[in-house]
Amino acid sequence: MAPTRKQHASLGFEIPSGFTAIPVKFQLTSKSHHYLYVKEHRVRSENNTKRPLDRTLFVLNIPPYCPEECLYRILSPCGLIQSIELKEKPGPEEEPEPEPAPSKHFRTQSSKGFLVAYVVFKKASSVTAAKKLRPKEAIVLSTEKQPIKTGLQRWVAQYSSASLLQADELQAEVDAFMQAHDKRVAEESARLAEGDGVPDGEGWVKVTRGGRRPALPRTEAANLRAVEAERRRRAKKELLNFYTWQHRESKREHIAELRKKFEEDKQRIAMMREQRKFKPY
Amino acid sequence: MKMKMKRKVQETAVMEMEKENEEELSDLSEEEDGDEGGGGPGGPLKRSRVQGKSLGDGVLKPVKLTKQELYKPPTNEELNRLQETESLFHSSLLRMQMEELLKEVTLSERRRKTIDSLVQEVTSLLASVPETTDTELSDQSWVPRGVKVPLLQVPYSVKGRFRMAPPLSVKLVGSYPLGTCSKPDVNVDLAVTMPAVLHPKDYLNQRYHRKRALYLTGLAHHLSSSHAFGSLRFTYHHGNHLRPLLLLTPQGKEERSVTLRLHVCPPAGFFKPSRFHPRKNNVRTAWFLGQETPQQDISEPPTPHYNNSVLSDMLLESHKSFLSASAADFPGFREGVAVIKVWLRQRELHQGYGCFSGFLASMLVAYLLSKHKINSMMSAYQVLRNVLQFLATTDLTESGITLVKGTDSTLPALSEFHDAFQVVFVDPSGHVNLCGDMTASKYRQVQHEARLSMQVWDNPKLDGFHALLMTPKPLVRTFDHIFHLPAVVKLQAACKKMELLSELMDHAGNYVAAALPFIMSLLQRGLGDRVRLLAHSLPQSPEWTIDSEPPKHKDKGLLSFGLLLNPEFSTNTLERGPPADSAQALEFRKLWGERAELRRFQDGSICEAVVWQGGSAFQKRLIPEQIIKHLLQLHANIPESSVRYVGALLDEVIKVGREGGSTGEEASVQVIQSYDDLSRKLWNLDGLPLTVTSVQGAHPALRYTQVFPPVPMKPDYSFFRVEKSHRSLLPLEGKPCPAYVPAIKVICHMEGSGKWPQDREAIRHIKAAFHIRLGELLGQQHRLICRPAPTHLDVYKDGLVFRVQVAYHRELQILRETMTPEGMVRYRDNEEALRLELETVHRPYLTSTLHGLQQQHSVFGATARLAKRWVGAHLLSASLSEESVDLLAASLFLQPAPHTAPSSPQVGFLRFLHLLVSFDWRNDPLIVNLNGDITATEITEIRNDFIASRSSLPAMFIATPKDKKNSVWTKEGPSVQILQRLIVLAAESLRVLETQLTDPTQPQDVKMVLRPPLDIYDVLIHLNPKQVPLHAQAVDTPRIVFSRGALPSGAAGGSGNMPVVDFNPVACYLSELRDAFEELALFFCDPFGGTVIAVLWKPQAFAPQPFRTAHVKARLVQVKGSEAQTVPNVEAILEDFETLGAGLVREVEVRSERWTV
């Protein structure tokens, strides 16, 4: 197994597509190892400040038991690290959340499985240093000093931390959030109310949800309702089976309907016959 | 013992784990089911196998007709056909179905030719039977070696003389000349008229029967010398041992295609029919008992069955000509009878002693024709319908019918027939009762089936054709409880005990036939209202080679009985009898023997009564067993040990608690009571800013379908880390994993109000605030321990933990809201909204409807639990959601056709397996009509929608009233492959179970079907039982039991702290594994105490792939020149299995070398 390991004298190696493989293993006694694949971050279309092109290292295949801190420890020999962003899939940065305040209780689900990371160094040279990492031995993730909890230990810890939640802390966070929210909503409605009922240059008056004369809401459902009501009104006026052609038409429709049904049934039967569904026993 | 699965099927299933919905199953080659003649015991299974797979393009597609085709002017012929369809059949589909069915069962021209030539050959051979010299009947030394007389000659000595001679005539009789002969049992009857060896007084003391049997022996010997036949065997005509038949089959590969049956009969009119009046005696007691001189003072009892058997032989030909006359100019006759025969056969009514034979069906059609209830223009469907209608409404046990036209005072009256027989249907001659051997309870079964079938035909929502004509109804799947008498020889003692000498004489010593009617009426009396139907299996006719002795009565196999329970009364523990001083009291005491006792009732009356033991619902369901065993012991001398009762063998695996006296119904009720109380408290809370509008359960335990319902738990504090400030218990690492306490989910809808924010984040926060507030109020007002969290509130009540989740009905809409560029608000589904809808709308709806279903059908819960247990035991519960299994179980109760709704978990489970196996998942949506809310037109709509978008719908499609188009519960799985595997497993389990349940001689280990075959998996991760919290629930109860910090229910212990809730390391481990290695492998585990996680590599993940940043998870890069390819880093992955599950994993066992790339 793993013939690759024997092919390379040093455990780390380079891959034609520009990645460097860095071996990592869980603990000293582990017999096998995974590889982190690292490369400088280079995506043309992306030009945001959080992943500066020259200083960002793109890391693939991070084992599920390797937390952020551990990655920090592995890569810090290459230079000072500014930030680490762990994600499930490589891809553009998410939209910045409207809530800047980091929430303790309302965190979105943390990523799971094998992860990717964008590591931003303080200096551009660190990226090249990281790409040159060629350890003789696989890097150990869970050391004596900084053991990583896995398995039962981890689950017990997870359960305990989830259970030991302070109700008042949660309440405080909710209150703070709601205050901010209410303020935002108030501002918004004030902005809308300002425009309400004021004719613009051509004399059009804007009607809003909270205005004095509430109008039909502009939703899809409301549109459909209006169309439906119109159709019904029209249908009521129409006379059915009044003219001879209508009679003829309805008869034709009836026969067509029967034919269609017949064809459907025929197809069904043919299929069932093929599947030998008519063999009763 | 493990079940052997078809390795091939599994591998195919595994090979294509990716979602390529269409073609996976097509590569299974169509099994050519070559032998047309043999149905055989494997019949139903074989059929279902065929259904399980399909041909290359076996998917229905919507029909597209061009406008021209649709609107072209109709031809006369077309109009006629369309019109005829409307008047003669239900629908055009039914018409075509019937036509196809008839094509399947009618004989091919080729086969008819074979038969004709065979008949000719036999006829000419018979003409050359050599004559023998005249000998005494009791001197049978002339019988050649190699042939044995096919009759039990008891007593042996009979007066009369016999010799062999060529027959007077050989004629075709029965179904073949009539054209009603149908596959698969192609029997051609030949009537061989005996030559002048009979004496006019031969009607007496079985003399005729002896001569008949000897003549048959002679014929058999003669035919055996010709080598023209595949086999020569004897059998009894419909199990009547006085009427042996000779069976001939052609040689070569045609052997199984047809059976020639030789009947020997006296010349027409040889005996005077009036000798066989049902009140006359033709078997003398003295002769029967072997006494020398007749006792003078004894009046001889009538022997109607004996008389009937002689007459039936004599009238074979006249019956045939009568039927031929009826069938002339009536095409529907032939087809109608063929369809009725299919109907009878599916219900196992068509053969055996006292069966409803095809001959009887023909006679009945002829009767209805003569009574103008059927006319000769009718189609097969109408004939079937009219016959069923007639059977459903006419009770032949009370008011018999006769084919005699006009009145003839010399013939026996109907009332005389009624005195002698249980079921009366008199033939055209007026002397024979065609239903002579049928028991009243068999007729009632026929009647019950007919009534049920009529209901199905009349229900536009059902596919009557499939349910009634294509679905087999074996005893074990039809009846709620069954029991066997494996040793029928015990009935001999029963006859003695019940003093049935005259019946024994009448049945010529056949004690089974003699005792059966009496046992049935005894049990019927004892069970009374508890059963809707009590039926027995028909003693089958054995077949034996001509050189062996005829089988004795005791060798005819076991006798089985079936009970359809009446759930309203079947579980009553008290049987209230007549008042102590009334006349019936004596009778009551006689029936029940020592079990009868006097009781004073609440209304002050003192009555006779019987009290049966039954504490739990499980025990109460088995009260019929107590009754039957008691009555059989008391009145028929049949010891309890020889009655094998099959009513609750499977219930073993869902039993809860140590004592094993309950299958968990009581625990469920307790949970629901506690929940009801909680919901009342939530409703009435003071001090909430908004009122509660509804409280709905959303957990299987709240619809009675949790496999192991939660039991109140009292924690042992020394076992946990006690966190005083939070009033919580936490698990300790060193100890065994604490007992699993499920969180019972409850959805609490809050009133809508303008104060709710219109933003999803804000709603989440407000809900969290509600959880806190609810917790505070419940604590203050009801002293309940609560623990709030952002997403829910845990409430510890009565030893159970409820997880209350606040919901706001507008949240769904808000989640779906998107704004178009024009500024119009649109609603679009997204994952988050769907998940919320599932949780707050669908699941509560399902829970409350199924809770309602349980109130109507008390065994629904247990059935669903057995089903889930089975799915879990086969490690597949991750792919088949609990809700979908519940729905499958519910469909058995809502659409039981052709059965009645199950009244025992056992039969429910068997039908669940059968549903999985036989349903055409590919081409049919399973419509579960909860509350009957779906109308017939909606059903058509669902079908059409389904066909139109089949490829985008889940492999298993279940429609409910609230979910007609999406099948929300099966969206996530099972995939086509898993479904296929489920079907294979279900077919095998069903086969194993049914053989075990119907045959008491088989090893009785029902748990066999719950032990999964593990040979297909690549890696097995063995877990440390210490850390598996549900270890004690394992199918095979483990010997080692770990203490898990729960005090016995009676012990005094604090309940001031929240126990460890919903903490299951196995589940945590599985989810981590799936998160990490989803792309590489599938993980399977039994959630109920399984200590093995089975891993299956995905083959396509193991093919080397080019290096792509999105696909390098847990993969190893191999550099070849300038190309980089990746393969899974198996060695590291296997080590990861151990790392991720540190403390839980005991061993990772690699079983196959398939991963070596």
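Up top you'll find the structure we're talking about.
Quick look at the structure, then. (Residues numbered from 1 in each chain as written. Chains lettered and ligands numbered in written order. Predicted model: local features only at pLDDT ≥ 70, side-chain atom pairs only at ≥ 80, totals over all residues. Heavy atoms only, no water.)

1. Points about the pairing of strand β24 (residues 793-797) of chain B
Residue and element names in this part refer to chain B.
Point 1. Buried residues dominate β24, accounting for 5 of its 5 residues.
Point 2. Here β24 shows two buried faces, one formed by Leu793, Val795 and Lys797 and the other by Asp794 and Tyr796.
Point 3. Where strand β23 (residues 785-788) meets β24, 4 bridges bridge the pair, whose relative direction is antiparallel. Looking at the pairing, proline 788 lines up with leucine 793 of β24.
Point 4. As paired strands, β24 and strand β25 (residues 800-807) are joined by 5 bridges and run antiparallel to one another. Following the sheet pairing, tyrosine 796 is matched in β25 by valine 801.
Point 5. Connecting β24 to the antiparallel partner β25 that follows it, the hairpin turn spans 2 residues, and aspartate 798 within it adopts a positive phi of roughly 50 degrees. (Buried < 20%, exposed > 50% of the residue type's maximum accessible area, 1.4 Å probe, protein only. Helix = DSSP H or I, 4+ residues; strand = E, 2+ residues; numbered from the N terminus. Pairing = 2+ DSSP bridges.)

2. Focus on the nonpolar core
Point 1. Counting residues in each nonpolar core, the largest one holds 82 residues, and the members touching the most others are Trp870, Leu888, Phe912, Leu916, Trp921 and Tyr1017 of chain B.
Point 2. The element best represented in this core is helix α33 (residues 976-998) of chain B, accounting for 12 residues.
Point 3. Not counting residues up to four positions away in its chain, the partners in contact with leucine 888 of chain B are Phe912, Leu915, Leu916, Trp921, Leu926, Met956 and Ile958 of chain B.
Point 4. Of all hydrophobic cores here, the second largest spans 75 residues; its members include Tyr65 of chain A together with Leu729, Val741 and Ile785 of chain B. (Core = buried A, V, L, I, M, F, W, Y, C linked by side-chain atoms within 4.5 Å. Contact = heavy atoms within 4.5 Å.)

3. Some words on helix α10 (residues 304-314) of chain B
Point 1. In terms of burial, α10 of chain B is a largely internal element, 11 of the 11 residues being buried.
Point 2. Turning to α10 of chain B, its buried residues number three or more, namely Pro304, His305, Tyr306, Asn307, Asn308, Ser309, Val310, Leu311, Ser312, Asp313 and Met314 of chain B.

4. Description of the pattern of salt bridges
Point 1. Tallying each qualifying case throughout the model produces 65 salt bridges over all chains.
Point 2. Among the ionic pairs, aspartate 265 of chain A bridges to lysine 261 of chain A, the shortest N-O distance being 3.5 Å. Placement of both aspartate 265 of chain A and lysine 261 of chain A in helix α7 (residues 244-274) is noted, with a separation of 4 residues, approximately one turn of the helix.
Point 3. In this structure, aspartate 1005 of chain B and arginine 1011 of chain B form a salt bridge, with 3.1 Å as the shortest nitrogen-oxygen distance.
Point 4. On the accessibility criterion, aspartate 1005 of chain B (27% relative accessible area) is partly exposed.
Point 5. Among the ionic contacts, a cluster of salt bridges with common partners joins Arg703, Arg843, Lys868, Glu882, Glu883 and Asp886 of chain B. (Salt bridge = Lys/Arg side-chain N within 4 Å of Asp/Glu carboxyl O.)

5. Remarks on the interface of chain A and chain B
Point 1. In this complex, chain A contributes 85 residues to the contact, which on the side of chain B involves 117 residues.
Point 2. Roughly 9,300 Å² of surface becomes buried between chain A and chain B when both sides are summed, with 63% attributable to carbon and sulfur atoms.
Point 3. Our count for the chain A to chain B interface comes out at 2 salt bridges.
Point 4. Taking the shortest distance from any N to any O, the salt bridge between arginine 154 of chain A and glutamate 1072 of chain B comes out at 3.0 Å.
Point 5. Our count for the chain A to chain B interface comes out at 19 residue pairs in polar contact (both at pLDDT 80 or more).
Point 6. Secondary-structure elements contributing two or more residues to the side of chain A that touches chain B are α1 (3-7), β1 (13-14), β3 (34-40), β4 (56-62), α4 (151-163), α5 (167-195), α6 (220-237) and α7 of chain A.
Point 7. For the side of chain A that touches chain B, the class distribution of residues is 38 nonpolar, 22 polar and 25 charged. (Buried area = accessible area lost by both parts, 1.4 Å probe. Polar contact = N/O pair within 3.5 Å; in protein donor to acceptor, adjacent residues only side chain to side chain. Nonpolar A, V, L, I, M, F, W, Y, C, P; charged D, E, K, R; others polar.)

6. Quick notes on the environment of alanine 256 of chain A
Point 1. Among the structural elements, alanine 256 of chain A can be located in helix α7.
Point 2. With a relative accessible area of 4%, alanine 256 of chain A lands in the buried category.
Point 3. A sequence separation of 13 residues divides alanine 256 of chain A from isoleucine 269 of chain A, and the C-alpha atoms of the two residues are 20 Å apart.
Point 4. In this structure, alanine 256 of chain A is in contact with Leu70 and Tyr71 of chain B, ignoring residues within four places of it in sequence.

These figures capture arrangement, not role.
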